[in-house]
Amino acid sequence: MQSPLNHMQGVVLTAALMFAAGTAAYAHHGWSWTQDDFFELKGKIAAIYIGNPHATLDVDAKGEVWRVEMAPPARTIAAGFTEKVAKVGDAVTAIGHRSREEAEKRMKAVRIIVGGKSYDVYPDRLPPA
């Protein structure tokens, strides 16, 4: 039989783990880590990843590599952006919101432009025309 103390430790540990997991999920999702103003980044694609939790591009912009987060894979692919429409070395423009941390070279894109074609991964968040 488990002692009351061991049972309580188990309950506290479970609660702490649930809180930590919930906090990590909250911090990861959403736009709270981004600035409010729109930001445009132009450069060359250094890497493409279409996978979970979000599709990403690494973009070389004047010698600085930026991480450009897009939507989750299903939404990114539904917008027409796949690994077949772009390749490393292609010119790219990403429009979205940069990190609130000025030193962090990271942004969340709402639109990606490659080869003159726009891919709106978050069409409901596009800037006013």
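For the structure, see preceding data.
The paragraphs below set out a description of the structure included in this document.

The rules behind these values
- Residues numbered from 1 in each chain as written.
- Predicted model: local features only at pLDDT ≥ 70, side-chain atom pairs only at ≥ 80, totals over all residues.
- Heavy atoms only, no water.
- Buried < 20%, exposed > 50% of the residue type's maximum accessible area, 1.4 Å probe, protein only.
- Helix = DSSP H or I, 4+ residues; strand = E, 2+ residues; numbered from the N terminus.
- Pairing = 2+ DSSP bridges.
- Salt bridge = Lys/Arg side-chain N within 4 Å of Asp/Glu carboxyl O.

All right, on to the pairing of strand E2 (residues 56-61) then. Burial analysis of E2 places five of its six residues in the buried class, which makes it a mostly covered element. Where strand E1 (residues 39-49) and E2 come together, five bridges link them in antiparallel fashion. Of the residues in E2, the one forming a bridge with Lys44 is Asp60. Here E2 runs beside strand E3 (residues 64-69); their pairing, made up of six bridges, is antiparallel. When the sheet's bridge partners are listed, Thr56 is paired in E3 with Glu69. What sits between the antiparallel neighbours E2 and E3 is a turn of two residues, in which Lys62 has the positive phi angle 55°.

So, about the pattern of salt bridges. All told, the structure shown has 10 salt bridges when counted by the stated rule. Close ionic contact of Glu64 with Lys105 constitutes a salt bridge, the shortest N to O distance being 3.9 Å. With Glu64 in strand E3 and Lys105 in the loop between strand E4 (91-98) and strand E5 (106-114), this pair connects stretches of sequence that are 41 residues apart. Here Glu69 ties to Arg106 by a salt bridge, and the two come within 3.0 Å at their closest N and O atoms. Taken together, the positions of Glu69 in strand E3 and Arg106 in strand E5 put the pair 37 residues apart, joining distant regions of the chain. By relative accessible area, which is 9% here, Glu69 ends up buried.

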